[in-house]
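Structural description and commentary
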Amino acid sequence: MTSYLPVAVVVPIRNEKKNLAECLSRLGRFDEVIVVDSQSQDGSADIAQSFGATLLQFKWDGQFPKKRNWVLLNHKLTKPWVLFLDADELVDDAFCDEIAQKIEDGQHSGFWLSYTNYFLSKQLRYGVPQRKLALFQVGKGLYERIDEKRWSDLDMEVHEHPIIEGGVGQISTPIVHNDRSGLAVFIERHRSYAIWESRRLLRLEEGSLAGRDKLTIRQRIKYANLTRWWFPWSYFAYAYFVRLGFLDGRAGFFYAFYKLWYFETVRQLVAEGRRDQGAGG
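What counts, and at which threshold
Residues numbered from 1 in each chain as written. Predicted model: local features only at pLDDT ≥ 70, side-chain atom pairs only at ≥ 80, totals over all residues. Heavy atoms only, no water. Buried < 20%, exposed > 50% of the residue type's maximum accessible area, 1.4 Å probe, protein only. Helix = DSSP H or I, 4+ residues; strand = E, 2+ residues; numbered from the N terminus. Pairing = 2+ DSSP bridges. Right-handed = clockwise from strand over helix to strand, strands pointing away. Salt bridge = Lys/Arg side-chain N within 4 Å of Asp/Glu carboxyl O. Patch = residues over 30% accessible without salt bridge, like charges linked within 9 Å, V, L, I, M, F, W, Y side chains within 5 Å. Areas by Shrake-Rupley, 256 points an atom, 1.4 Å probe, with all protein chains shown as cover. Core = buried A, V, L, I, M, F, W, Y, C linked by side-chain atoms within 4.5 Å. Contact = heavy atoms within 4.5 Å. Arc of directions from axis to C-beta.

**Details of the pairing of strand β6 (residues 110–119)**
Counting buried residues in β6 gives nine out of ten residues, a clear majority hidden from the surface. Pairing between β6 and strand β8 (residues 131–137): five bridges, direction antiparallel. Residue pairing in the sheet places S114 in a bridge with R131 of β8. In the sheet, β6 pairs with strand β11 (residues 168–177) via seven bridges, with the strands oriented parallel. Of the residues in β11, the one forming a bridge with G110 is V168. Sheet topology note: the β6/strand β7 (residues 122–124) ladder contains three bridges and is antiparallel. Residue pairing in the sheet places N117 in a bridge with L124 of β7. Between β6 and β7, which pair antiparallel and follow one another directly, the connecting turn spans two residues, one of which, L120, has a positive phi of 50 degrees.

In structure tokens:
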């Protein structure tokens, strides 16, 4: 008999044909798997159904809630814990074993997850480590409520941070992040991320966006410095030299470079927004 983990896995997707099958194939230790689809046109929904996942269709109206909060607020999960995975993220038995042990300990309401990251088909062993808070008890967490009006085409929480009631721990066994969609998709996504983040920063500066008091320390530091000329270059230097990203060769250089490009794009969009506000005032 399979001993299933008391965790519902939620996989939000939009046109993830290249990634979804392998992601779902790794979820045999979870008997509640939910794929939330934003009207995919590439056959992703058929892949989800072929693996026996519950398929929910989501159509965003440009405002709160986005996909992850929508599931938490509108779909009754049958397990006491929820794990949000992207379609390009892969788990293994060691990860599942650690989840089982940490949940049984009962010391925390949520957990940070770490990554083994791939870029340009190469594993990145150096650079700035990534993590996300994506495993928590049902009823103990929601992603930040940000009342935007379609700042970008992002219909899923990306930069919105989960607000957890209770202590937060760490799952040390990494998940694999390996997006097979290609460089063009990576660049397009980060263009959308940059537009969204620049608009959030402008609203925070205006004081017209609630939730400033709920920003994490990392968010506070980032938003306090993101528009300074040196920030993108400092991030590149830290990731590429201090964190030894150069040892990852070509992939390490371009990963650090695209992060520099991303932060500089946010900075320029904020500067443009400030000029527009000044002209309008």
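Next comes the rest of the write-up.
**A closer look at the pairing of strand β2 (residues 32–37)**
Across the six residues of β2, six count as buried, placing the element largely inside the fold. Both faces of β2 are covered, namely the face carrying E32, I34 and V36 and the face carrying V33, V35 and D37. The pairing of strand β1 (residues 7–13) with β2 spans six bridges and is classified as parallel. Across the sheet, the residue bridging to I13 is D37, located in β2. Handedness of the crossover joining β1 and β2 through helix α1 (residues 17–25): right-handed. Pairing of β2 with strand β3 (residues 54–57) involves four bridges; the strand directions are parallel. Opposite V36, over in β3, you have L56 as the bridge partner. Note that the unit made of β2, helix α2 (residues 44–50) and β3 has a crossover that is right-handed.

**Notes on unusual backbone geometry**
For the peptide bond that leads from F64 to P65, omega is 0 degrees, which places it in the cis range. Within the secondary structure, P65 sits in the loop between β3 and α3 (67–74). With a phi close to 50 degrees, R150 is a non-glycine residue in the positive phi region. Of note, R150 is situated in the loop between β9 (141–143) and β10 (162–164). Here L244, not a glycine, exhibits a phi torsion of approximately 65 degrees, which is positive. Following the sequence through the fold, L244 ends up in the loop between α7 (230–242) and α8 (249–280).

**A short note on the pattern of salt bridges**
If the charged atoms of two oppositely charged side chains come close together, the side chains can form a pair. What the rule picks out here adds up to 21 salt bridges. K132 is the salt-bridge partner of D86, the closest N and O atoms lying 4.0 Å from each other. Placement of the pair is D86 in the loop between β4 (81–84) and β5 (89–90) and K132 in strand β8, with a sequence separation of 46 residues. Among the ionic contacts, a cluster of salt bridges with common partners joins R68, D86, E89 and K132.

**Considerations on a nonpolar patch on the surface**
On the surface, Y126, Y238, F241, V242, L244, F246 and L247 cluster together into a nonpolar patch covering about 660 Å² of accessible area. Counting through the fold element by element, V242 comes out in helix α7.

**Observations concerning the nonpolar core**
If you look at the biggest cluster of nonpolar residues, it comprises 49 residues, and the most contacted ones within it are V7, V11, L27, F30, L83 and L135. For F30, the residues in contact, after removing those within four places along its chain, are Y4, L5, V7, V9, L83 and C96. Core analysis: the next-biggest nonpolar cluster, separate from the first, contains 23 residues, L154, W196, L202 and L226 among them.

**Things to note about α7**
Within the sequence span of α7, burial applies to F231, P232, Y235, F236, A239 and Y240. In a view along the axis of α7, the buried residues occupy a sector of 145 degrees, so they form one face of it. Every exposed residue of α7 that faces more than 90 degrees away from the buried side is listed here: W233 and V242. The first or second residue beyond α7 is L244, which carries a positive phi of 65 degrees.

Structural measurements only, silent on function.
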